[in-house]
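Letter by letter, the chains look like this.
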Amino acid sequence: MASPPDISGCILAGGLSRRMGRDKPLLNVDGETLISRVIARLRPQVARVAINANGDPARFDALACPVLADPFPGHPGPLAGILAAMDDAGSAGYERVATVAADTPFFPCNFVERLAAGDSAVISVAASGERVHPVFALWPVLLAPALRDHLKDEGDRSVMRFVRAQRHRIVAFPPSSDGGDAFFNVNTPEDLAVARRRAQSREKSFDGEV
Ligand SMILES: Nc1nc2c(ncn2[C@@H]2O[C@H](COP(=O)(O)OP(=O)(O)OP(=O)(O)O)[C@@H](O)[C@H]2O)c(=O)[nH]1
């Protein structure tokens with residue numbers, strides 16, 4: 001495999017998992033936690049992996065990744081995690097950071113490569129079918145001051161509204177090789193059951209896509 005691009009990665013796990021009723025990243029999906037599955041998918045695609053999460057960071061100790069808390073209190077939504085990711089990547093010397101959600105275990109193995117193919121100064125956001133997935137994106141870290149101001153001044157939680165106010169492009173991804181949505185995310189106990197079945201059937205009919 002080619003060496004990963006000079007891009008930092010961050011897994012967004014800062015939400016409250018209200019619909020699930022339990023901390024989603026640590027849920028077991030066919031023998032592995034959700035977040036371990038996401039790390040395994042992201043790690044070959046980037047130079048390093050950090051986790052954005054609130055609460056006790058020690059619950060992620062076994063994963064051996066830096067854990068970044070939200071820079072704003074009160075769970076202001078994923079934009080706060082994206083800002084934490086930009087700040088961390090910038091301090092580590094990277095110009096861009098790729099973000100993915102901790103509850104989305106089947107996202108594409110060429111996710112970062114495809115987003116990185118365009119102009120490096122614009123935000124690249126993933127889409128599948130009719131839906132845009134703004135937490136699955138590649139961000140120039142130079143946008144951190146604009147994002148900080150946006151969060152402070154407007155208290156606006158919408159990732160897409162921030163994206164639309166910046167230069168951006170949308171990159172469409174096809175369904176996974178198993179025919180399912182590559183960006184299927186686990187919000188409820190019912191979604192968890194679907195993810196478990198899908199993980200099992202992918203393992204049985206292993207087709208080269210991890
Ligand atoms: N840093 C940070 N990330 C968040 C916050 N809220 C949601 N997220 C992340 O944004 C992505 C989408 O989150 P949601 O599905 O809307 O929220 P959730 O906590 O996962 O689940 P619900 O509480 O059931 O809505 C996930 O990666 C979450 O971890 C927040 O306040 N701060």
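For the protein, the name recorded in an unreviewed UniProt entry is Molybdenum cofactor guanylyltransferase, with Pararhizobium mangrovi as its organism. The record in UniProt for the protein states the following under Cofactor (unreviewed entry): "Mg(2+)". A UniProt comment under Sequence similarities (unreviewed entry) is attached to the protein, and it reads "Belongs to the MobA family."

Colleague: Mind showing me how you'd approach the environment of Pro 140 here?
Modeller: With respect to the helices and strands, the residue Pro 140 is situated in strand E8 (residues 131-140). Relative accessible area serves as the criterion here: at 8%, Pro 140 is assigned to the buried category. Counting along the chain gives 44 residues from Pro 140 to Arg 96, while the straight-line C-alpha distance between them is 4.5 Å.

Colleague: Could you clarify how one ought to interpret the site of the ligand in this entry?
Modeller: The environment of the ligand is made up of 20 residues, and the closest members are Leu 12, Arg 18, Lys 24, Asn 52 and Asp 70. Here an oxygen atom of the ligand and a backbone polar atom of Ser 17 are 3.0 Å apart. Interatomic distance of 2.7 Å between a backbone N/O atom of Arg 18 and an oxygen atom of the ligand. Considered on its own, the ligand offers 610 Å² of accessible surface; in the complex 87% of this is hidden by protein. Residue composition of the shell around the ligand, grouped by class: seven nonpolar, eight polar and five charged.

Colleague: What is the right way to look at the pairing of E8 in this model?
Modeller: Looking along a regular strand, one sees the side chains alternate between the two faces of the sheet. Of all ten residues in E8, seven are buried; the element is thus mostly enclosed. Across four bridges, strand E6 (residues 96-101) lies against E8 in antiparallel orientation. Residue pairing across strands places Arg 96 opposite Pro 140, the latter belonging to E8. Of the strand pairs in this sheet, strand E7 (residues 123-128) and E8 are connected by five bridges, and their pairing is antiparallel. Among the inter-strand pairings, Ser 128 is bridged to a residue of E8, identified as Arg 131. Where E7 folds back on E8, the antiparallel hairpin that results is connected by two residues, among which Gly 129 adopts a positive phi of roughly 55 degrees.

Conventions used here
Residues numbered from 1 in each chain as written. Predicted model: local features only at pLDDT ≥ 70, side-chain atom pairs only at ≥ 80, totals over all residues. Heavy atoms only, no water. UniProt positions renumbered as here; feature names shortened; annotations may be inferred. Helix = DSSP H or I, 4+ residues; strand = E, 2+ residues; numbered from the N terminus. Buried < 20%, exposed > 50% of the residue type's maximum accessible area, 1.4 Å probe, protein only. Near = heavy atom within 4 Å. Polar contact = N/O pair within 3.5 Å; in protein donor to acceptor, adjacent residues only side chain to side chain. Areas by Shrake-Rupley, 256 points an atom, 1.4 Å probe, with all protein chains shown as cover. Nonpolar A, V, L, I, M, F, W, Y, C, P; charged D, E, K, R; others polar. Pairing = 2+ DSSP bridges.

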